[in-house]
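Examination of the molecular architecture
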Amino acid sequence: MAIVRTDMPVSSAETQRVIGEIVAKYPFVRTELLTRTVFQRPVSTLVIGNGPRKVIFSASHHANEWITTLILLQFAEEFAEAIASGGQIYGRNAGELAREVTIYMVPLVDPDGVDLVTGAILPGSIQYALAEDLAQNYPAIPFPDGWKANLLGVDLNLQYPAGWEQAREIKFAQGFVQPGPRDFVGRAPLNQAESRALAGYTRFIDPALVLAFHSQGKEIYWQFGGLFVPGAEELGQKMADASGYTLANTPYESGFAGYKDWFIQDFGKPGYTIEVGQGVNPLPISQFDEIYRDNLPILVIAAAGG
Ligand SMILES: [Zn+2]
């Protein structure tokens, strides 16, 4: 019986339920608590495989991109089931893949924000009122559907020390000068629990590759600045060919201070932002099956390294 439900938006509690049940059902899957948010929601990992190659897959750096969390949860369950049954995943022997690679997943980087957008934080509650208050500075952004940040109003994917000052300059010029629903870079890089925890985890794991899932646009971003990462374009093209997504250049105004930017800069290894699906965030859950079908090959190619 399926553990992951793909017929409804996901919350922090639902993510924890799924992680708990996957770990209970498949003893070779592990979980760790990376940190807790200011509002005490857990940021957890899901780790599968024990191979020497290490990769980190993250999702939902942005609250209204919660559909990306379901991609990683679904992948974790499918991969674990394939390992347990001696089966295949996207045409590869799952057991062999699990001996080649260790996949460290962080399926929900922004649990506070996701709970706001998907309704787990109820109107009238203190946390809802706090967010509403920050949103009032940005009346043009729909509330809570336009919310990307954490509940302190910081955009977690503008927190990484890779051109953070440029990101700050660009976003301030666009009017994002204080905490709000999106695009506020924070008072300093990595001053939020969630981004600091993911950066620390990444340094500790020292992976060969990272994927960061966002929505939307059906594009794969693979560059940061003018840095050349050997093999990154070729691998990105392979993921693009298998998914039908486009390997693209990051738009200039969102080209700084992201997780993959920092990874490329500090590790000199392939890091990708995957912009899944098409439409206005939050994407409807009805798009999930198509999104998962498109992204399964990306996950497997990234895990295997080719
Ligand atoms: Zn995003």
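Throughout, residues of each chain are indexed from 1 in the direction in which the sequence is written. With pLDDT at 70 or above as the cut-off, local features in this predicted model cover only qualifying residues; side-chain atom pairs require 80 or more to be listed or tallied, and sums for whole chains, interfaces and linings still use all residues.

**Observations concerning the overall build of the protein chain**
Just so we agree on the cut-off: Starting at the N terminus, helices and strands are each numbered in turn, a helix being any DSSP run of H or I of at least four residues and a strand any DSSP run of E of at least two. Each radius of gyration reported is based on C-alpha atoms, and the globular scaling rule is 2.2 Å times the count of residues to the power 0.38. With C-beta atoms placed from the backbone, a residue is labelled by how many other C-beta atoms lie within 10 Å of its own: buried for 20 or more, exposed for 12 or fewer, partly exposed between the two.
Secondary structure assignment for the protein chain yields ten helices and eleven strands. Here the C-alpha atoms of the protein chain give a radius of gyration of 18 Å, agreeing with the 19 Å that 2.2 N^0.38 yields for 306 residues. If one aligns the C-alpha atoms of the protein chain with their principal axes, the spans along those axes are about 55 × 45 × 35 Å. Per-residue burial for the protein chain yields a buried fraction of 52% across its 306 residues.

**Points about the environment of glutamate 32**
Heads up, the condition is: Note on contacts: each residue gets a C-beta atom placed from the backbone, and two residues are in contact if those atoms are within 7 Å.
With respect to the helices and strands, the residue glutamate 32 is situated in the loop between α1 (12-25) and β1 (33-36). Separated by ten residues in the primary sequence, glutamate 32 and proline 42 have C-alpha atoms spaced 9.8 Å apart. For glutamate 32, the residues in contact, after removing those within four places along its chain, are Ser44 and Thr45.

**Structural notes on the packing of helix α2 (residues 67-85) against helix α10 (residues 288-304)**
For any two helices packed against each other, one specifies the crossing angle of their axes together with the interaxial distance. Applicable threshold: A fitted line through C-alpha atoms serves as each axis, taken over the contacting stretch for helices, and the angle formed by two N-to-C directions is quoted from 0 to 180°. Oblique is the label for any angle not under 35 degrees, not over 145, and not in the 65 to 115 range, which are roughly parallel, roughly antiparallel and roughly perpendicular in turn. Crossing chirality is assigned from the near helix's rotation relative to the far helix, an anticlockwise turn below a right angle marking it left-handed and a clockwise turn marking it right-handed.
Across the interface, α2 lies against α10 with an axial gap of 10 Å and an inter-helix angle of 60 degrees. Judged by the angle between their axes, α2 and α10 are oblique. Seen along the crossing, α2 lies across α10 with a hand that is right-handed. Each of Ile67, Leu70, Ile71, Gln74 and Phe75 in α2 lies in contact with α10, whose residues at this interface are Phe288, Ile291, Tyr292, Asn295, Leu296 and Leu299.

**Some thoughts on the sheet that holds strand β3 (residues 46-48)**
Formally: Strands are treated as partners if at least two bridges between them are detected by DSSP.
Spatial ordering of the open sheet is given by β3-β7-β4-β8-β11-β9-β10, a layout of seven strands whose pairing is mixed. Two strands bound the open sheet, and with one partner strand each, they are β3 and β10 (246-248). For this sheet, the mean angle separating the axes of adjacent strands, direction not counted, is 20 degrees. Against the sheet, helix α9 (residues 259-267) engages β4 (53-59), β8 (209-215), β9 (219-221) and β11 (271-276), with an angle of about 160 degrees to β11.

**Quick notes on the nonpolar core**
In plain terms, the rule: In plain words, the nonpolar core is the set of buried Ala, Val, Leu, Ile, Met, Phe, Trp, Tyr and Cys residues that C-beta atoms within 7 Å link up.
Core analysis: the biggest nonpolar cluster contains 95 residues, and Ile48, Val55, Ala76, Ile103, Ile220 and Ala302 have the highest contact counts within it. With ten residues, the top contributor of residues to this core is α2. Once residues lying within four places of it in the same chain are set aside, the contact partners of isoleucine 48 are Val29, Ala76, Phe79, Ala80, Ala98 and Ile103.

**A few points about unusual backbone geometry**
Glycine aside, residues mostly have negative phi, and peptide bonds are mostly found in the trans state. For the bond running from phenylalanine 143 to proline 144, omega is 0 degrees, close enough to zero to count as cis. Relative to the helices and strands, proline 144 resides in the loop between α5 (126-135) and α6 (164-173). A cis amide bond links serine 215 to the next residue, glutamine 216, at an omega of 10 degrees. Checked against the element boundaries, glutamine 216 lands in the loop between β8 and β9. We note that glutamine 40 has phi near 75 degrees; this positive angle belongs to a residue other than glycine. Structurally, glutamine 40 can be placed in the loop between β1 and β2 (42-44). Glutamine 40 gets classed as exposed once you count the C-beta atoms within 10 Å, which come to 8. Of note in the backbone geometry, aspartate 206 takes a positive phi value of approximately 55 degrees without being a glycine. Relative to the helices and strands, aspartate 206 is located in the loop between α7 (193-205) and β8. Residue classification places aspartate 206 among the exposed positions, given that 10 C-beta atoms sit within 10 Å.

**Here's the deal with the pairing of β8**
Counting buried residues along β8, seven of its seven residues qualify, which places the element largely inside the surrounding structure. Residues of β8 alternate between two faces, with Leu209, Leu211, Phe213 and Ser215 on one and Val210, Ala212 and His214 on the opposite face, all of them buried. Where β4 meets β8, five bridges bridge the pair, whose relative direction is parallel. Among the inter-strand pairings, isoleucine 56 is bridged to a residue of β8, identified as valine 210. Where β8 and β11 come together, six bridges link them in parallel fashion. When the bridges of β11 are listed, leucine 211 appears paired with tyrosine 272.

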